[in-house]
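Structural description and commentary
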Amino acid sequence: MVIEFKSKPSILANGAVAGPLEKKSVFYSYFDSVIEDERWNEKTNEQGHATMILEACDIVMKKANIKNLDVDFFLSGDLVNQMTPSNFAARELAISFIGLFSACATSVSSVIIASLLTELGASQLAIAGAASQHNAIERQFRYPIEYGGKKPATAQWTVTAAGYALVGKHNPEYPSVVAATVGKVVDVGDTNPFHMGGAMAPAAYDTINAHLTKRNQKFQDYDLIMTGDLGKVGLKILKAMFAQNGVKPEELQLLRDAGAEFYGEDQAFLAGASGAGCSAAVYFSYIIQQLKSGRFKRVLLCATGALLSPLSFQQGESIPCTAHAIELTME
Amino acid sequence: MEQEQYKNLEQQVTPPTPYFMNALKAFLVGGIICTIGHAITYFYIIFFDFTEKTVGNPTVSTMIFLSMLLTGFGLYKKLGQYAGAGSAVPVTGFGNAVISAAIEHRTEGVVLGVGGNIFKLAGSVILFGVASAFFVALIKLILVSIGVVQW
């Protein structure tokens, strides 16, 4: 389903924070803050996760020179059970809050909801975004952190990062959300939780295709089309899918993936980064800054999410995936 | 695109699992771990009052202690990523599975956290280890009773 925003809500401020290992990220210089302690000086990983969300939101509010009372809505999600880090951060923020779960696609689904609320006139200012904390997520979805299991080359590394954006009424000096596509849930029957890129690529394909068709656009209409966390292997699969459908190699160069690029060529991170914070931190730092500087005029951000749980995977269910996209422009 | 077509495409693009290299690495690292274990066995026999029959327990405890140190310092997971089954199958891998779960759940308290989750990964090893030991002993008992082999 493609939504066209007549009022063109703008992203008035952005904030991205990351953990210690994320210093190795190629996007490191774009992050607002990087902390030395993975737990953000809290007692547990989950508390640290919530504090990280709070810090990112504080940065957003400071940049816009506003206080929490000025914000109408807080839309956030993460990957921990029942999204407690987002809930606990919302407790401190005391802003009307809706928790959202689209797995790693929450970075974009939250901005879509914020833009709709803005277009409706219900919201003057809304903070939207997503986060993930490596230890808190890994322990839930996979094995204990210190367990010495071997991961295949297709596995990805959950980032410790949070990215949030302040969505408000149209302002020509800031990047604007002109259209969005809410993705369907696509399931090709993949069951390997160590190969999420392969499971998610068809969802990204479906959403990008739907967006371009409905908007009557081509790849060249964009300066960049960036998926969320397909990783190196998933991105290759997505490119192969587009190539099979007649997209030329030079057009495919416009297609990039935040997860595949996040840690550069470091082999220790296998197929690259993943997690709700991966796309959020890249979109709401690097991408927004590139738009503001005028280097990009029109981008399509397509965040991908694998909608599995450890339980569903153990019960032999395949991995349903989704992808949500927003089209941002800079005048 | 049909599901089958997609599966083919996915398989073409996905790098193949290097089974031979994985097996080779596992063989080397697993072998080294067992050699260290054997050296410890000799150490206890030569320097202490242990026999070949009684040396098993102190050797296993020492190996698990070493595994605990490596796990605590975050090194065993790195070894595991390189060696795969080579570091998972020996008793040090069992130790790593127990200790990593204990460290992980420390934040949920000593009883419900550590106590309730310490065998989260190793529990199935214990269950199937004990069960298969029982059946192997049963087979041997039958073979001894009918005179095929001796104890």
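Residues numbered from 1 in each chain as written. Chains lettered and ligands numbered in written order. Predicted model: local features only at pLDDT ≥ 70, side-chain atom pairs only at ≥ 80, totals over all residues.

What follows covers the overall build of chain A. Along the backbone of chain A there are 10 helices and 15 strands. If one aligns the C-alpha atoms of chain A with their principal axes, the spans along those axes are about 55 × 50 × 35 Å. Out of the 331 residues belonging to chain A, those deemed buried represent 60%. Considering only intrachain contacts with a sequence separation of at least 6, the fraction spanning at least 24 residues in chain A is 79%. (Helix = DSSP H or I, 4+ residues; strand = E, 2+ residues; numbered from the N terminus. Buried ≥ 20, exposed ≤ 12 C-beta atoms within 10 Å, placed from the backbone. Contact = placed C-beta atoms within 7 Å.)

In terms of helices and strands, chain B carries eight helices and zero strands. Against the 2.2 N^0.38 benchmark of 15 Å for 151 residues, chain B shows a C-alpha radius of gyration of 21 Å, more extended than a compact globule. The principal-axis extents of the C-alpha atoms in chain B amount to approximately 65 × 50 × 35 Å. The burial tally for chain B puts 22% of its 151 residues in the buried class. Across chain B, contacts joining residues at least 24 apart in sequence account for 53% of those joining residues at least 6 apart. (Rg over C-alpha atoms; globule rule 2.2 N^0.38 Å.)

Let us now look at the domain arrangement of chain A. All names here are of chain A. If you check the domain split of chain A, you get domain 1 (2-168) and domain 2 (176-329). The interface of domain 1 with domain 2 comprises 54 residues on the first partner and 58 residues on the second. Those elements that place two or more of their residues in the side of domain 1 that touches domain 2 are strand E1 (2-4), strand E2 (10-18), helix H3 (106-120), strand E6 (125-132), helix H4 (134-141), strand E7 (157-158) and strand E8 (161-168). Ranked by the residues each element gives to the side of domain 1 that touches domain 2, the list is headed by H3, at seven residues. Across the side of domain 1 that touches domain 2, the residue classes break down as 31 nonpolar, 18 polar and five charged. (Domains from an automatic or database assignment. Nonpolar A, V, L, I, M, F, W, Y, C, P; charged D, E, K, R; others polar.)

For the rest of this paragraph, the subject is the interface of chain B and chain A. In this complex, chain B contributes 28 residues to the contact, which on the side of chain A involves 25 residues. Sorting the residues of the side of chain B that touches chain A by element identifies helix H1 (3-13), helix H4 (76-83), helix H5 (85-88) and helix H6 (91-104) of chain B as the ones contributing at least two each. Here the side of chain B that touches chain A is composed, by residue class, of 12 nonpolar, 13 polar and three charged.

What follows deals with the environment of A:Val188. For A:Val188, the location among the structural elements is in the loop between strand E10 (185-186) and helix H5 (196-214). Overall, the presence of 21 C-beta atoms within 10 Å leaves A:Val188 in the buried class. In sequence terms A:Val188 and A:Lys8 are 180 residues apart; their C-alpha atoms lie 35 Å from each other. Not counting residues up to four positions away in its chain, the partners in contact with A:Val188 are A:Ala199, A:Pro202, B:Gln3 and B:Tyr6.

Attention now goes to the nonpolar core. A:Ala56, A:Ala162, A:Ala281 and A:Leu301 are the most contacted members of the largest nonpolar core, which has 117 residues in total. The element that contributes the greatest number of residues to this core is helix H9 (residues 276-292) of chain A, accounting for 11 residues. When residues of this core are assigned to domains, at least three map to each of domain 1 (2-168) and domain 2 (176-329) of chain A. Not counting chain neighbours up to four residues away, the residues in contact with A:Leu301 comprise A:Val108, A:Met226, A:Tyr283, A:Ile287, A:Ala325, A:Ile326 and A:Leu328. Core analysis: the second largest hydrophobic core is formed by seven residues, B:Ala97, B:Ile99, B:Ala101 and B:Ala102 among them. (Core = buried A, V, L, I, M, F, W, Y, C linked by C-beta atoms within 7 Å.)

A few words on unusual backbone geometry. Residue and element names in this part refer to chain A. Its identity is not glycine, yet Lys8 carries a phi of approximately 45 degrees, on the positive side. Positionally, Lys8 belongs in the loop between E1 and E2. Look at Lys8 and you get buried, because 21 C-beta atoms sit within 10 Å. A positive phi angle, near 50 degrees, is found at Ala103, a position not held by glycine. In this structure, Ala103 sits in the loop between strand E5 (97-99) and H3.

Turning our attention to the domain arrangement of chain B. In many analyses, interface size is given as the accessible surface area lost on bringing the parts together. All names here are of chain B. You can read the domains of chain B as domain 1 (3-120) and domain 2 (122-151). Taking only C-alpha atoms, the centre of domain 1 and the centre of domain 2 are 25 Å apart. Listed per partner, the contact involves five residues of domain 1 and four residues of domain 2. For the side of domain 1 that touches domain 2, a count of residues per class yields four nonpolar, no polar and one charged.

For the rest of this paragraph, the subject is the packing of helix H1 (residues 45-64) of chain A against helix H2 (residues 84-93) of chain A. Residues and elements named next belong to chain A. It is the contact of H1 with H2, at a shortest axis distance of 8 Å, that shows an interaxial angle of 50 degrees. By the angle between their directions, the pair H1 and H2 is classed as oblique. As H1 runs across H2, the sense of the crossing is right-handed. In this structure, H1 contributes Glu46, His49, Ala50, Ile53, Leu54 and Cys57 to the contact, and H2 contributes Thr84, Pro85, Ser86, Phe88, Ala89, Glu92 and Leu93. Looking at the contact of H1 with H2 residue by residue, the classes come out as eight nonpolar, three polar and two charged. (Axes fitted to C-alpha atoms, helices over the stretch in contact; angles between N-to-C directions. Parallel < 35°, antiparallel > 145°, perpendicular 65-115°, else oblique. Left-handed = near helix turned anticlockwise from the far one by under 90°.)

In terms of burial, H4(A) is a largely internal element, six of the eight residues being buried. Taken together, the buried positions of H4(A) are A:His134, A:Asn135, A:Ala136, A:Ile137, A:Glu138 and A:Arg139. Tucked inside the fold, the buried residues of H4(A) contact H1, E6 and E7 of chain A together with H6 of chain B.

Quick look at the pairing of E6(A) now. All names here are of chain A. Taken across its eight residues, E6 has eight buried, putting it largely inside the fold. Residues Leu125, Ile127, Gly129 and Ala131 of E6 are buried on one face, and the alternating residues Ala126, Ala128, Ala130 and Ser132, pointing to the opposite face, are buried as well. Of the strand pairs in this sheet, strand E4 (residues 73-77) and E6 are connected by five bridges, and their pairing is parallel. Paired with Phe74 across the strands is Ile127, a residue of E6. By the bridge criterion, eight bridges tie E6 to E8 in an arrangement that is antiparallel. (Pairing = 2+ DSSP bridges.)

Let us now look at the packing of helix H2 (residues 19-47) of chain B against helix H3 (residues 56-72) of chain B. Residues and elements named next belong to chain B. Axis separation between H2 and H3 bottoms out at 9 Å; the angle between their running directions is 130 degrees. Our classification of the angle between H2 and H3 gives oblique. Judged by the sense of rotation from one axis to the other, the crossing of H2 with H3 is right-handed. Contacts from Gly37, Ile40, Thr41 and Tyr44 in H2 reach Pro58, Thr59, Thr62 and Met63 in H3. Partitioning the contact of H2 with H3 into residue classes produces four nonpolar, four polar and no charged.

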